[in-house]
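A look at the structure
Now for the letters of each chain:
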Amino acid sequence: MIEIKSTILNSKSLRHVKDSLIEISEIDHEETFRVKALEYINFSSLEQDDRYFYDMMEFVRFLDPSSDAIAYTTPEHLIYLNAPNNKIDKNVRYWEFIFDHECLHQLWDTFGVEKKIKESGAVFDHYILNVASDCVINDYLANIRKKALPNGGLITPDLIYKETGVVYDRKKDTQFSLYMKLIAQKDKVDKSNALKKAEEFEGKLTPKSVQKQQVPPGPPPPPGGKFSDEYIQGRIDGIQDVLDKKVDPHKFTPKTPEDDDYNKGYNDVIAEIKEGLDKGITLPDSPSGGGGGDDNGLPQVPWDIPQDQKQSGQSDGEGAQQNGEGAQQNDSIPNNAEGAQDAADQAKDAADKAQDAADKAQENAEKAEKQAKSSGKQEDKETLEKAKKIADQAKKAAKEAKEAADKAQKAADKAKDAAGNDGKDKKDAKGKDGTSSKESDAAKEAKDQMQKAKDAQATAEACSKGQDPSNQKNNNSSQGAGKGHIAPTLSDADLEEIRAKAAKIIEKYKNKISGEFGKFISKCRSSFTMKKEGLVAQISKGTMWNKQMNSILLGYIKQKVLMKKRQYEPSFKRVKRGTGFVNYGDPLRKGKIRKDDKLLINGAFYADRSGSMGGTIKNVVKAIYAISESLKKLFGGERVVEDTVFKLYAFDDYMKEIPWGKSFTDGGGTMPFDELLGKIMDQDEQYLFNIVITDAEFPSINRAKVNQFLKDIPGIVIFITNHDNDIMKEISKDHPTKLFYILADSNFEIE
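Below: a short report on this structure. Note that the coordinates shown come from a computational prediction; the quantities given were computed from them, not determined experimentally.

1. Topic: the sheet that holds strand E11 (residues 739-743)
Read from one edge to the other, the open sheet built from 6 strands follows the order E8-E7-E6-E9-E10-E11, with strand pairing classed as mixed. Lying at the two open borders of the sheet, with one neighbouring strand each, are strand E8 (655-658) and E11. Across the sheet, the mean angle from the axis of one strand to that of its neighbour is 20 degrees, orientation sign disregarded. With 5 bridges connecting them, strand E6 (residues 599-608) and strand E9 (residues 689-694) associate as parallel partners. In the strand pairing of E9, Ala 604 is matched with Asn 690. Strand contacts of helix H21 (residues 673-681): E6, strand E7 (641-651), E8, E9 and strand E10 (716-721), with the helix running at about 150 degrees to E9, the strand carrying the most contacts.

Take a look at the structure:
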């Protein structure tokens, strides 16, 4: 057992995290990295805006590193991480992203959204809800909070649009509304391999059984086409040592001398296993004897054991023989009479153990009954009820185990009869291994019953420890859960404590994550309360974009006019007021006269005419001309104003001046942002204001070039977009008197 010396992890508030690390440390050589990752997440979450993530640290648990899940969260508010994981770079910043992702499933109540979908009568699909919720969360973390993304596929708005044609509207869509859009395109979602791959990367799906063509190729046959017995034995032993967890392929030092056939076989197979693990291929959870042979007589690495036949950790209770102890997988038992009897014996052994566990659960119930009678306390009565319930479940499991054992023995007897018949029944065909079909079928039945007996044994043993198996089953429906996890078990009292404390934290922060996304976060969290027809969250539009533009221009030009009115140049009055003459030697008195130069109110509008603007161009042009006429009327008569002159330029692949008062239609694509800045700078006139109106995403904006552009251009710049652009938004905050950012409605509505 290791000792954790981290100051943060030894704090009282994070005692569960510490317990989780200690419990898993015996089988986890990466415990040191986990401590380091948690330290980083702690410190990165101490900023005020991130305090929610800091407070949720208490609910972190860790998975057995052999698990195929990356991370998931549960209805009890627990957050399970499998850090590190061979699908994620060993970088603590990426685990901050993953942890925050799971926290937001809790804050925005994805489980509540699931409940609402079911209650609304809509078709429910757990996978599609994962896609919808992951899109909302990933987009927020990547583009709003600027978190470091893991190297690998993620569910993003662009990927969803590319694969299904569904548009995610960051301003309006919630998990619920995006789900409803996606469920309408269910066929496209289901057929998209890119979406499935991204979901598997995030640990939201149980990885499919690995197909044989995905297995790294074995070594080429030696001259003559046969491998030596020593080479084959080396491979068998290497496979077995990995499955027994005696050897870690990623830390293996090749045996020497390497030209020895046994050592060569051992080294080769460890290298193949490492290559497979690096590709994401999953080994079985327990030893299987190295699998069958291939065409060259070599034992194959058993990649292709079906997922549903692997031991699944906590599928029922704690799971049978979690750490690879006990019996081999069903597939390692031959399909003959001998194998059938072996399966029957294992089933009987499981039934006996299940009965012992049931007896233990009954003893616990009897002790609880005595305690309840002697104390009379309500909490003891509740403990009694729970103990009785668990004892009944244990009895039921023991009964099921015995029934399965009996059926397994009957199947074994059938297999023996079929073997004794030795193919006398002409209709009973034999397989390649000489086993008759009846014998093989009976052996398979015996193995199936053996597995049922073991499952029942696991349930009974969980009951004997005072654990409610139903709680463990519920964990398998957790958001993003994958099969095969082994995680610390918790009592009902611990779970209740976790639920209560986490609920308080979530309630505290549900409306307090700051920033422009605050309202949207609240909508995401409460989207499960929406009516079925309410597919779009009703977020107030606020001030219309043309009114905002008008307000900025009026304020800016008024200030310029006022400054011009107050501009004077120095002068001297040669006589004193009232005397009419100046005495010899008197100093000349300073004075001032108003300047004669005038203010030119001129501005340029640069309107996007790319094909995507379409029918919105009419609104844009109408707003430009209306505001320009308003400016002329307000300031054209001012004594200090020389003239009001405005220009309109339309741009797509190139820029063109539009005669004032004329309209135009949409055209081609949009020029890059750097080129647009260059075109504006190339104008002959020095405009008092420059207004860019666009629907282009401009994802690659060079901050340095924009800063230089703002430094060189004489007037103000107003950037108006109906596609939220975080880079321009941030730059506008750095230049609050030079660059003004306006987010317009999707179709540039005006008023």
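Anyway, onward from the coordinates.
2. Some thoughts on the sheet that holds strand E2 (residues 71-73)
Read from one edge of the open sheet, 3 strands run E1-E3-E2, paired in mixed fashion. With partners counted over all chains shown, the strands left at the sheet margins are strand E1 (60-62) and E2, one partner each. Put simply, the sheet's adjacent strands are angled 25 degrees from each other on average, direction ignored. The pairing of E2 with strand E3 (residues 79-81) spans 3 bridges and is antiparallel. Within E3, the position partnered with Thr 73 by the bridge is Ile 79.

3. Some remarks on the nonpolar core
The biggest cluster of nonpolar side chains holds 74 residues, and the ones touching the most others in it are Tyr 52, Phe 99, Ile 160, Leu 178 and Leu 182. Per-element tally for this core: the top contributor is helix H6 (residues 126-144), with 10 residues. Excluding its chain neighbours within four sequence positions, the residues that come into contact with Leu 178 are Ala 132, Cys 135, Val 136, Ile 160, Val 166, Tyr 168 and Asp 173. Counting residues in each nonpolar core, the second largest holds 39 residues, with Leu 648, Leu 688, Phe 689 and Ala 744 among its members.

4. With respect to the packing of helix H1 (residues 15-24) against helix H2 (residues 31-44)
For the pair H1 and H2, interaxial distance at closest approach is 10 Å and the crossing angle is 165 degrees. It follows that H1 is roughly antiparallel to H2 by the angle criterion. Along this stretch, H1 crosses H2, giving a crossing that reads as right-handed. Residue-level inspection shows Val 17, Leu 21 and Ile 24 of H1 in contact with H2, the latter providing Glu 31, Arg 34, Val 35 and Leu 38. Residues of the contact of H1 with H2, tallied by class, amount to 5 nonpolar, no polar and 2 charged.

5. So, the side chain of Thr 110
Among the secondary structure elements, Thr 110 is positioned in helix H5 (residues 110-120). For Thr 110, a relative accessible area of 0% puts it in the buried group. Polar side-chain contacts of Thr 110 include one of 2.9 Å to the side chain of His 105.

6. A few points about the pairing of E8
Alignment of E7 against E8, held across 4 bridges, turns out to be antiparallel. Each bridged residue has a counterpart across the sheet, and for Ala 650 the counterpart in E8 is Lys 656. Linking two consecutive strands that pair antiparallel, namely E7 and E8, is a turn of 3 residues.

7. A short note on the pattern of salt bridges
Here the idea is simple: oppositely charged side chains can pair when their charged atoms come close. Applying the stated rule across the entire model yields 24 salt bridges. The residue Lys 501 makes a salt bridge to Glu 58 at a minimum N-O spacing of 2.9 Å. Here Lys 501 is found in helix H17 (residues 492-509), whereas its partner Glu 58 is found in the loop between helix H3 (51-55) and E1, with 443 residues between them in sequence. On the accessibility criterion, Glu 58 (6% relative accessible area) is buried. Across the salt bridge formed by Lys 264 and Asp 268, the nearest N and O atoms sit 3.7 Å from each other. Highlighted residues: Lys 264 and Asp 268, both in helix H12 (residues 261-278), separated by 4 residues, approximately one helical turn. The exposure class assigned to Lys 264 is partly exposed, which follows from its relative accessible area of 39%. A cluster of three or more residues bridged by salt bridges with shared partners is formed by Asp 50, Glu 96, Asp 100 and Lys 147.

8. A look at the packing of aromatic side chains
Two aromatic rings, taken as a pair, are described by how far apart their centres are and by the angle between their planes. The full count for this structure, using the stated rule, is 16 aromatic pairs. On the basis of an interplanar angle of 40 degrees and a centroid distance of 5.8 Å, the ring pair of Phe 252 and Tyr 266 is categorised as tilted. Here Phe 252 is found in the loop between helix H11 (229-243) and H12, whereas its partner Tyr 266 is found in helix H12, with 14 residues between them in sequence.

9. Focus on helix H22 (residues 703-712)
An α-helical turn contains 3.6 residues, so any two residues separated by three or four positions project in the same direction. Buried within H22 are the following residues: Val 706, Phe 709 and Leu 710. Angularly, the buried residues of H22 cover 95 degrees about the axis, an arc narrow enough to put them on a single face. In H22, those exposed residues whose orientation departs by more than 90 degrees from the buried face are Ala 704 and Lys 711. The secondary structure elements touched by the buried residues of H22 are H21, E10, helix H23 (726-734) and E11. At the N-terminal end of H22, a side-chain oxygen is found 3.0 Å from the backbone nitrogen of Ala 704, two or three residues along, and the residue is Asn 702.

10. Side note on the environment of Thr 73
Among the secondary structure elements, Thr 73 is positioned in strand E2. Judged by its relative accessible area of 0%, Thr 73 falls in the buried class. One polar contact links the side chain of Thr 73 to the main-chain carbonyl oxygen of Leu 78, over a distance of 2.8 Å. Among the polar contacts made by the side chain of Thr 73, one reaches the side chain of Gln 106 at a distance of 2.5 Å.

11. Points about unusual backbone geometry
Along the chain, Ala 83 connects to Pro 84 via a cis peptide bond; the corresponding omega equals -5 degrees. Here Pro 84 is to be found in the loop between E3 and helix H4 (92-107). Omega for the bond connecting Thr 256 with Pro 257 falls within 30 degrees of zero, at -5 degrees, which places this linkage in the cis form. Relative to the helices and strands, Pro 257 resides in the loop between H11 and H12. If you check the backbone angles, Phe 698 has positive phi at about 45 degrees while not being a glycine. Its place among the elements puts Phe 698 in the loop between E9 and H22. Among the residues examined, Phe 698 registers a relative accessible area of 8% and is labelled buried. The phi torsion at Phe 748 lies on the positive side, around 55 degrees, for a residue other than glycine. Examined against the element boundaries, Phe 748 turns out to sit in the segment after E11.

Basis of the calculations
- Residues numbered from 1 in each chain as written.
- Predicted model: local features only at pLDDT ≥ 70, side-chain atom pairs only at ≥ 80, totals over all residues.
- Heavy atoms only, no water.
- Pairing = 2+ DSSP bridges.
- Helix = DSSP H or I, 4+ residues; strand = E, 2+ residues; numbered from the N terminus.
- Axes fitted to C-alpha atoms, helices over the stretch in contact; angles between N-to-C directions.
- Contact = heavy atoms within 4.5 Å.
- Core = buried A, V, L, I, M, F, W, Y, C linked by side-chain atoms within 4.5 Å.
- Buried < 20%, exposed > 50% of the residue type's maximum accessible area, 1.4 Å probe, protein only.
- Parallel < 35°, antiparallel > 145°, perpendicular 65-115°, else oblique.
- Left-handed = near helix turned anticlockwise from the far one by under 90°.
- Nonpolar A, V, L, I, M, F, W, Y, C, P; charged D, E, K, R; others polar.
- Polar contact = N/O pair within 3.5 Å; in protein donor to acceptor, adjacent residues only side chain to side chain.
- Salt bridge = Lys/Arg side-chain N within 4 Å of Asp/Glu carboxyl O.
- Phe/Tyr/Trp six-rings, centres within 6.5 Å; stacked < 30°, edge-to-face > 60°.
- Arc of directions from axis to C-beta.

Everything listed here is a matter of coordinates, which is why it stays silent on function.
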